[in-house]
Amino acid sequence: MTIVIPKQLRSLEFTELTLVELNDIDVDRLLPHLWELVVKQGRMSSAPKDADDYGRYLGALAANERLEGFDDEHGKKVLDGWLRSSIVRIGAKGRARSGTQMDYIQPLTIASYRAGLPKTRRHRHAHTLIYHLLIERLKLLGVEAPEKNLRYALEKAVGAGVKIGVDGQWVPEYDGRTDIDINALLSLYFLEEFTPLGAREATYGFRSSVVPGATRGLAGDLLDYLVAYGGRLTPSAFVDRFAALISLRLFQLPLRVARATRHVLNTGEQSEDMRDDADVANPLELYCDFTRVRGSASDELARQCVLRDLEIMSGFMPDRLLLRSLREAALSTLRKRGEEIRNLPMPDSLVAMVSLREDMRINTYADIRIQEIEAETEENGTDEDLEFIASVRDSEALSIEQLTTLLVEGLSRTALKNQVGWFSSTGGIKKPYGLITGSSNSRRSWRYAPSDDLMYALLLVCFTTGQGPEARPRVRMPIVKLLKVLRDRFGILIDRPPAAFDSVDNRAAAAANLEAFKRRLRLLGCFDGLSDDFSAQYVRNPLETE
C-alpha cells in the first residue's frame, strides 16, 4: 500500500518537540564543531571547499620545516599512514559516495575546529543543542560570563599547547613551547595548513525543552565532568569519556520525550519529567547486563529492555506526527492563539496543543489536508490505497487523528528507519563506548551491556560532588549509593529488574548480575569488597585507585 503524501506534508522534522533530528549520528565527528561553538561563543565557520584535496595538505605537511624525514616518497607514505590512522578521518564524497574526501579531524585538541570539517554536517542539531544547554546550565547556576567560563574549562581540558588568536578570528596555533602528545602535535601542524575562514552565528531554534529533567541532566553530566576532570586526564582520554556521556544522554533524550508525550496525550497533564520546579529522577529503566553470558536470564532481560524501548520509539512516531499536525493547524487557523501556544515553554505548549484536538477549526484544517492526500493518491496511487483512505474517513476518529493515520501510513518506512538509525548510532553499537551490543543488522540481538569505556565515564561522573563550577571528584562511596546514583541519574538498573519485568526469576538474574558488576569493578581496579556485608562494600573513583 502506498499512501502518497503531498510534498508540503512530508517533513518528519519537529525539533521544537524532539530537540534533535532523529536520524543516524556520529558523536565523534560533531565534537570539532562543538569545540568551535564554545571557542567562538555560538559562531561557526563555513566548510572548506577543497576537502577532497587531501593530497595537497599531505604534501604541504611533509614539506613543513618542523618535520624531518617525511619529504621523500617513503617518508610521505609513512606520514600518510600516520595521519589516516590517528589524525584525519577519510570518508566517501557526497551522497553518490563517488571518491573520497577528508571527513573530520580527530578532536584530540581544541584546535580541531580550524579545518572547518566535517563538511557534511549530519549532526542533527545535537552540537548546537549541547552548546545552548551548557550555557543555560551555567546561567541557572548563577555563573557570570558563562560563555567565557565554558571556554576556559574546555581549554583546560583539551587546549594544551594551543594558542587561540584574537576574538573575531580565533585562529588556533601551536604555542611552540608546551610538551604535548605527539599525535596532538602532529594534528596542530596539520591544522595550520588550513586557511581560517570567517564565522557567523549558528542558527538553531532552541527555546526550551519539553523534558527539562533530561536536558538539564545532559548539561549537568558534561559540565560536572568537564570541571572535575578537565586537565586531570590526557586530552584523548578526556575526549573518549566526553563522547561516551554525550552518546548515552542523546540516546536517552527521545525515549524521555516519547514517554512525556504519551503521558500528555493520555492524561492532558504534564509528566514529572516535564516539570521545571525540581530535578527529577531519570524515569528510564535500562537494565544492563554484566554477566556477558549469551542466553542467560540476565542477558535475556537486557535484550527485552531493548525491544521494549524500540517499541516506545515506534509508538513515538504517530504521536509526534499528531502533535506536529496540531501545531501546524493551530498556526494556520487560530492565528494569534496559535502563536501564543507556540511561544509558551514547551511543556505548557505541548499540553495546550493536546487540548485542541476536538476544536472544530483544527479538524477542518485536517479535513483539507486529508483531501490533498486523497487527491495526490488518486493521481499516483491505486484503488486499494483509495479504499484505505475511505475506510479511515469512515471511522469515528477525529479528523486530526485520521490525518495522523494517513501520515503514518505514508511516512512510516522512512521515519522508522531514521529512528532506528538514531537508536543504534547513539546506542554506540559500533563504538568502543557503546551502551548496546549485538549485530548492527539484527535488532533482536541487541541488549544493554555497557562497555568498559562507558562504565569508566559513568563512574567518573557518579563520583563528582557539587555542580558545574563547584564540581569536584570524591574518592569513594558505598556500592549501595553508587547503584542508586546510576539508577536515579542515568536510569541504569543493575541489581533489580524493571518494574514491568519484575518476577522471582528476574530478581535472581539481577542478583547474579550484581555479582558480575562487582567483578567488572575489580577488573577496573576500583572495588573494595573485603567484607561480605553488602553495606560495607565500597567503590573508589577510578582516578583515585593508587
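Look up: the structure comes first, before these words.
Residues numbered from 1 in each chain as written. Predicted model: local features only at pLDDT ≥ 70, side-chain atom pairs only at ≥ 80, totals over all residues. Heavy atoms only, no water.

**Some points on the overall build of the chain**
Summing up its helical and strand segments, the chain has 18 helices and 15 strands in all. The C-alpha atoms of the chain give a radius of gyration of 25 Å, which matches the 24 Å a tight globule of 546 residues would have. Projected onto its principal axes, the C-alpha coordinates of the chain cover approximately 75 × 65 × 45 Å. Looking at the chain as a whole, 54% of its 546 residues are labelled buried. (Helix = DSSP H or I, 4+ residues; strand = E, 2+ residues; numbered from the N terminus. Rg over C-alpha atoms; globule rule 2.2 N^0.38 Å. Buried < 20%, exposed > 50% of the residue type's maximum accessible area, 1.4 Å probe, protein only.)

**Considering the environment of alanine 214**
Along the chain, the position of alanine 214 falls in helix α8 (residues 212–229). Note: C-alpha distance between alanine 214 and leucine 459 (245 residues apart in sequence) is 19 Å. Those residues in contact with alanine 214, other than ones at most four positions away along the chain, are Leu253, Arg256 and Asp273. (Contact = heavy atoms within 4.5 Å.)

**Details of the sheet that holds strand β12 (residues 476–478)**
The strand order β12-β15-β14 describes an open sheet built from three strands, whose pairing is antiparallel. Each end of this open sheet is capped by a strand with a single partner; those strands are β12 and β14 (527–528). (Pairing = 2+ DSSP bridges.)

**Section: the packing of aromatic side chains**
The description of an aromatic ring pair rests on the distance of the ring centres and on the angle between the ring planes. Taken as a whole and judged by the stated rule, the model has 14 aromatic pairs. Ring geometry for tyrosine 57 against phenylalanine 190: centres 6.4 Å apart, planes inclined by 65°, an arrangement best described as edge-to-face. In this pair, tyrosine 57 is assigned in helix α3 (residues 54–62) and phenylalanine 190 in helix α7 (residues 182–191), connecting sequence segments 133 residues apart. Following the ring pairs from residue to residue traces out a cluster consisting of Trp35, Tyr225, Tyr229, Phe238 and Phe242. (Phe/Tyr/Trp six-rings, centres within 6.5 Å; stacked < 30°, edge-to-face > 60°.)

**Describing the packing of helix α13 (residues 360–380) against helix α15 (residues 399–426)**
Geometrically, a packed helix pair is captured by the angle between its two axes and the distance between the axes. At a minimum axis separation of 8 Å, α13 and α15 run at an interaxial angle of 35°. α15 is crossed by α13, and the crossing has left-handed handedness. Contacts between α13 and α15 pair Ile362, Asn363, Ala366, Asp367, Arg369, Ile370 and Ile373 from the former with Ser399, Ile400, Gln402, Leu403, Leu406 and Leu407 from the latter. A per-class count over the contact of α13 with α15 returns eight nonpolar, three polar and two charged. (Axes fitted to C-alpha atoms, helices over the stretch in contact; angles between N-to-C directions. Left-handed = near helix turned anticlockwise from the far one by under 90°. Nonpolar A, V, L, I, M, F, W, Y, C, P; charged D, E, K, R; others polar.)

**Here's the deal with the environment of glutamate 36**
Along the polypeptide, glutamate 36 turns up in helix α2 (residues 27–39). Residues glutamate 36 and alanine 111 lie 75 residues apart in sequence; the distance between their C-alpha atoms is 8.3 Å. Residue contacts for glutamate 36: discarding those within four places in its chain leaves Gln41, Arg43, Met44, Ser45 and Tyr113.

**Remarks on helix α18 (residues 504–523)**
Over its 20 residues, α18 runs 29 Å from end to end, which matches the ideal 28 Å to within 8%, given 1.5 Å per residue. Among all positions in α18, only Asn506, Ala509, Ala510, Asn513, Leu514, Ala516, Phe517, Lys518, Arg520 and Leu521 are buried. Against β7 (286–287), α10 (297–333), α16 (452–462), α17 (479–490), β14 and β15 (538–540) lie the buried residues of α18. Two residues or fewer after α18 comes glycine 525, characterised by a positive phi angle close to 75°. (Expected span 1.5 Å × (residues − 1).)

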